Amino acid sequence: MTITLLSEPPTDAEAQAWREVLTASRAADLPQLPAPSPGEVAGRLRVPPARGRSVRWASENGIASLLLFTDGSNDHTAFLDELTVRPDARRRGEGTALWRRVREELLAQGRTSVSMEVDLGGAGQAFAESVGFENVLPMAWYVQDVRDLQDVREARESREDAASPVPGYELLCWPGLVPDDWAPAVAVAHGAMDDAPSGDLDQRVQTWTAERLHAAHRLILARGGALTTVAAVTPDGEVAAYTELVLPDPAGPRALQYDTVVVPGHRGRGLGLAVKRRMLGAARTRHPSLRHIATSVADENTPMLAVNAALGYRRERAVGYFQAQLKG
């Protein structure tokens with residue numbers, strides 16, 4: 001079989017073929033998820049990542065995408081964000097051939113490990129384990145119906161103009177980029193993610209700065225997505241908690257809850273619940289086509305699991321961060 005390296009940037013024909021493989025695979029493996037939109041696929045293929053560089057390959061019925069970190073802290077590792085074969089062409093060696101090409105690139109670039117997210121219990125897990133990956137961080141995806149607010153009181157609290165339900169804090173909502181005046185404080189708050197469960201994942205924590213925060217957010221917007229950040233702030237300008245919501249397709253029915261952070265000195269006061277409720281109200285107002293918000297949480301992250309349960313999230317599917325150690 002022939003495996004080709006995608007153009008940089010990909011041509012329209014390459015992007016269309018890529019989307020067709022993704023759509024067919026998602027319909028078979030994850031029918032509860034919407035098909036990727038043309039704009040979402042084109043954005044991911046054509047706008048370079050903020051943390052490294054992507055290398056992509058395509059075969060007749062399959063695709064593979066590798067993110068090689070170049071952030072100075074994780075240049076020893078990489079993330080395999082796609083390796084998919086059309087359902088009607090599986091078990092013919094095409095996925096294995098794509099993996100071999102990926103592995104050759106990893107070794108050529110001096111990488112000693114690679115990770116990827118895998119849905120548990122299906123063909124993806126069986127394939128990952130067959131080529132040497134192990135589950136180093138058990139997780140699950142949870143989903144919330146944005147129309148399913150518990151009562152009228154909660155709906156009032158989640159309105160964007162409502163008073164903060166936690167005394168001593170103000171809730172601020174920022175569509176798009178976090179304002180320059182607040183970006184340094186949000187970057188400092190992001191440091192509280194350092195104690196989030198990471199299992200045995202071979203990635204080193206980086207220090208967040210206002211510049212890095214804006215680079216990550218600009219990437220979302222440049223790829224055609226929509227971004228909203230809600231923060232709980234103190235009178236002296238500290239960001240005590242925040243949450244981010246991303247719509248890869250702003251007109252689509254599904255959003256992704258990105259980071260939700262509560263700074264250690266402010267935990268136990270309901271701030272995680274407060275920022276997520278305010279986010280829900282903002283999402284309902286700004287994105288009338290939105291139907292579901294999805295988020296992934298490590299199985300051992302019991303505080304965030306409790307917050308999500310209070311908001312009505314239900315477990316959608318089990319996943320894991322799988323990792324392979326590489327040898328020449």
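Structure: above.
Owing to the predicted nature of the structure, the values given are computational and were not obtained by experimental measurement. Residue indices follow the written sequence of each chain, beginning from 1 at its first position. A pLDDT threshold of at least 70 governs which residues receive local features in this predicted model, and a stricter bar of 80 or more applies before side-chain atom pairs are shown or counted, although totals over entire chains, interfaces and linings include all residues. Here the side-chain values reflect all heavy atoms present in the structure, with hydrogen atoms and water set aside.

Is there a simple way to think about the packing of aromatic side chains in this case?
Centre-to-centre distance and the angle between the planes together describe a pair of aromatic rings. Ring pairs shown here join Phe, Tyr and Trp side chains whose ring centres sit within 6.5 Å, with only the six-membered ring taken for Trp; geometry is labelled stacked below 30 degrees between planes, edge-to-face above 60, and tilted in between. Tallying each qualifying case throughout the model produces three aromatic pairs. Seen from their ring centres, Phe79 and Tyr321 are 6.0 Å apart, and the 50° between their planes marks the pair as tilted. Note that Phe79 is positioned in strand 4 (residues 78-85) and Tyr321 in strand 12 (residues 314-325), a separation of 242 residues in sequence. A ring pair is formed by Trp174 and Trp182, whose centres lie 5.8 Å apart and whose planes are at 35°; its orientation type is tilted. Summary of the burial criterion: residues with accessible area below 20% of their type's maximum are buried, those above 50% are exposed, and those between are partly exposed, where the area comes from a 1.4 Å probe applied to protein chains only. Its relative accessible area of 9% is what places Trp174 among the buried residues. Two conditions define a charge located above a ring, namely a distance within 6 Å from the ring centre to NZ of Lys or CZ of Arg, and an angle within 35 degrees of the ring normal. Across from the ring centre of Trp208, 3.9 Å away, lies the NZ or CZ of Arg212, which sits over that ring. To qualify as a helix, a DSSP run of H or I must reach at least 4 residues; to qualify as a strand, a run of E must reach at least 2; elements of each kind are numbered from the N terminus.

It is not clear to me how the pairing of strand 9 (residues 239-247) should be interpreted in this structure. Could you clarify?
Residues in a regular strand point their side chains to alternate faces of the sheet. The buried fraction of strand 9 amounts to nine of the nine residues, a majority that puts the element mostly inside the structure. Whether two strands pair depends on DSSP finding at least two bridges between them. Note: strand 8 (residues 226-233) against strand 9, eight bridges, orientation antiparallel. Across the sheet, residue Thr228 finds its bridge partner in strand 9, namely Leu245. Counting the residues between successive antiparallel strands, the hairpin from strand 8 to strand 9 contains five residues, one of them, Gly237, with a positive phi of roughly 90°.

Just checking my understanding: could you explain unusual backbone geometry for this structure?
A negative phi angle is the norm for most residues apart from glycine, just as the trans form is the norm for most peptide bonds. Residue Pro9 is reached from Glu8 by a cis peptide bond, and omega for that bond is 0°. Among the secondary structure elements, Pro9 is positioned in the loop between strand 1 (4-5) and helix 1 (12-29). A positive phi is found at Arg91, a non-glycine position, where the angle reads about 65°. Tracing the sequence through the fold places Arg91 in the loop between strand 4 and helix 3 (94-108). Owing to a relative accessible area of 79%, Arg91 belongs among the exposed residues under this scheme.

Whenever I open this one, the nonpolar core confuses me. Can you help?
It is characteristic of soluble globular proteins that their nonpolar side chains tend to be buried jointly. Residues grouped as a nonpolar core are buried Ala, Val, Leu, Ile, Met, Phe, Trp, Tyr and Cys residues, joined through side-chain atoms within 4.5 Å. Grouped together as the largest cluster of nonpolar side chains are 30 residues, with contacts concentrated most on Ala232, Leu245, Leu271, Leu290 and Ile293. If you list the elements that add at least two residues to this core, you get strand 6 (134-145), strand 7 (170-175), strand 8, strand 9, strand 10 (254-262), helix 8 (271-286), strand 11 (292-298) and helix 9 (302-310). Here this core takes seven residues from helix 8, the largest share from any one element. Contacts are residue-level and defined by heavy atoms, with any inter-residue pair within 4.5 Å sufficient. With near-sequence residues (within four places) excluded, Leu290 lies in contact with Val146, Leu247, Gly252, Pro253, Arg254, Ala255 and Ala283. Counting 23 residues, the second largest nonpolar core, distinct from the first, contains Ala78, Ala97, Trp99 and Val114.

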